[in-house]
Amino acid sequence: GQQVMQIPQYQHVQEGEDFTTYCNSSTTLSNIQWYKQRPGGHPVFLIQLVKSGEVKKQKRLTFQFGEAKKNSSLHITATQTTDVGTYFCAATRLNSGYSTLTFGKGTMLLVSP
Amino acid sequence: GAGVSQSPRYKVAKRGQDVALRCDPISGHVSLFWYQQALGQGPEFLTYFQNEAQLDKSGLPSDRFFAERPEGSVSTLKIQRTQQEDSAVYLCASSPTRGGSTNEKLFFGSGTQLSVL
């Protein structure tokens with residue numbers, strides 16, 4: 001089935017450094033969603049990208065969807081301790097009359113003060 | 001309610017015991033999903049309901065897993081004869097639409113952490 005691969009698996013940064021996580025697929029995606037899961041918490045929706053080459057910003061977070069719609073990235077500028085958590089990308093799997101989401105394994109971000 | 005509610009929050013079961021996990025989605029949400037999340041992994045799809053109809057159960061690991069949503073609102077995930085490899089967090093998520101070509105965002109519950117001893 002459709003899979004999305006995320007790299008890196010884990011990253012530890014100092015507060016103020018930038019962070020990027022990448023999501024790759026071997027097949028063309030109809031869209032990509034990003035979720036954040038805090039330690040001990042549940043995934044929370046961040047954003048959805050639909051168009052080829054789309055770039056969206058949320059304060060210090062920048063999301064990109066590749067031109068070929070096979071990859072995506074999430075970049076955080078000047079990380080803060082509140083950014084700690086695991087970031088997942090999720091791809092829509094189309095079926096007949098409904099769709100489901102397939103999640104990547106996530107990138108765990110640790111931020112030291 | 002304000003969000004997706006799951007109960008119990010924690011469940012410890014002896015191997016071989018049956019368990020039932022409950023999910024209360026956001027009122028009016030058409031779509032309901034169950035995911036299994038092992039430690040350090042991403043959520044793995046188990047099953048999908050559109051109202052009361054179970055349209056996809058392709059992710060259920062074995063016939064010991066059974067899910068229902070009889071009235072199109074509350075859902076129950078039942079695991080019979082639990083085994084140690086069933087230990088994981090079971091997440092329920094709901095969405096207001098049936099999900100066409102572009103999925104609406106999912107609203108997740110806090111999950112049930114199942115430990116099988």
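Residues numbered from 1 in each chain as written. Chains lettered and ligands numbered in written order. Predicted model: local features only at pLDDT ≥ 70, side-chain atom pairs only at ≥ 80, totals over all residues. Heavy atoms only, no water.

**Student:** Which residues make up the overall build of chain A, and what values do they have?
**Tutor:** Regarding its fold elements, chain A presents 0 helices and 11 strands. In sequence order, chain A lays out its α and β elements as β-β-β-β-β-β-β-β-β-β-β. In terms of overall size, chain A behaves like a compact globule, its C-alpha atoms giving a radius of gyration of 14 Å where 113 residues would be expected to give roughly 13 Å. Based on the C-alpha atoms only, the size of chain A along its principal axes is roughly 50 × 30 × 20 Å. Counting across all 113 residues of chain A, residues that qualify as buried make up 48%. Sequence-distant contacts in chain A: of pairs separated by 6 or more residues, those separated by 24 or more amount to 54%. Within the structure as shown, chain A displays about 5,400 Å² of accessible surface, and the carbon and sulfur contribution to it stands at 52%. (Helix = DSSP H or I, 4+ residues; strand = E, 2+ residues; numbered from the N terminus. Rg over C-alpha atoms; globule rule 2.2 N^0.38 Å. Buried < 20%, exposed > 50% of the residue type's maximum accessible area, 1.4 Å probe, protein only. Contact = heavy atoms within 4.5 Å. Areas by Shrake-Rupley, 256 points an atom, 1.4 Å probe, with all protein chains shown as cover.)

**Student:** Please give an account of the pattern of salt bridges that cites residues and values.
**Tutor:** The full count for this structure, using the stated rule, is 5 salt bridges over all chains. Of the charged contacts in the structure, one is a salt bridge between A:Arg60 and A:Asp83, with a shortest N-O distance of 2.9 Å. Placement of the pair is A:Arg60 in the loop between strand E6 (55-58) and strand E7 (61-65) and A:Asp83 in the loop between strand E8 (71-76) and strand E9 (85-94), with a sequence separation of 23 residues. Residue class for A:Arg60 comes out partly exposed when judged on its relative accessible area of 22%. A salt bridge links B:Glu68 to B:Lys78, with the shortest nitrogen-to-oxygen separation between them at 3.4 Å. With B:Glu68 in strand E7 (residues 65-68) and B:Lys78 in strand E8 (residues 75-79), the pair connects residues that are 10 residues apart, well separated along the chain. Given the relative accessible area of 27%, B:Glu68 is considered partly exposed. Given a relative accessible area of 31%, B:Lys78 falls into the partly exposed group. (Salt bridge = Lys/Arg side-chain N within 4 Å of Asp/Glu carboxyl O.)

**Student:** Please provide a residue-by-residue account of the side chain of A:Thr62, values included.
**Tutor:** Within the element layout of this structure, A:Thr62 appears in strand E7. Aside from chain neighbours lying at most four places away, what touches A:Thr62 is A:Val55, A:Lys56, A:Lys57, A:Ser73, A:Leu74 and A:His75.

**Student:** Describe the sheet that holds strand E3 (residues 19-24) of chain A, naming the residues involved and giving the relevant values.
**Tutor:** Residue and element names in this part refer to chain A. Ordered by their spatial adjacency, 5 strands build an open sheet running E1-E3-E8-E7-E6, and the pairing between neighbours is antiparallel. Of all the strands in the sheet, just strand E1 (5-7) and E6 have a single pairing partner and so form its edges. Each strand axis lies, on average, 15 degrees off the axis of its neighbour in the sheet, ignoring direction. With 6 bridges joining them, E3 and E8 adopt antiparallel strand pairing. Across the sheet, residue tyrosine 22 finds its bridge partner in E8, namely serine 73. (Pairing = 2+ DSSP bridges. Axes fitted to C-alpha atoms, helices over the stretch in contact; angles between N-to-C directions.)

**Student:** How would you explain the interface of chain B and chain A if you had to name every residue and give the values?
**Tutor:** On the side of chain A, 23 residues touch chain B, which itself brings 26 residues to the contact. Of the roughly 1,900 Å² buried between chain B and chain A on both sides combined, carbon and sulfur atoms contribute 49%. Remark: the boundary between chain B and chain A carries 0 salt bridges. Connecting chain B to chain A are 5 residue pairs in polar contact (both at pLDDT 80 or more). (Buried area = accessible area lost by both parts, 1.4 Å probe. Polar contact = N/O pair within 3.5 Å; in protein donor to acceptor, adjacent residues only side chain to side chain.)

**Student:** I'd like a description of unusual backbone geometry, backed by residues and values.
**Tutor:** A:Pro8 follows A:Ile7 through a cis peptide bond whose omega is -5 degrees. Its location among the elements puts A:Pro8 in the loop between E1 and strand E2 (10-14). That bond from B:Ser7 to B:Pro8 is cis: its omega, -10 degrees, falls within 30 degrees of zero. Relative to the assigned elements, B:Pro8 resides in the loop between strand E1 (5-7) and strand E2 (10-13). Of note in this structure, B:Asn51 is not a glycine but carries a positive phi near 55 degrees. Exposure remark for B:Asn51: the relative accessible area of 33% places this residue in the partly exposed category.

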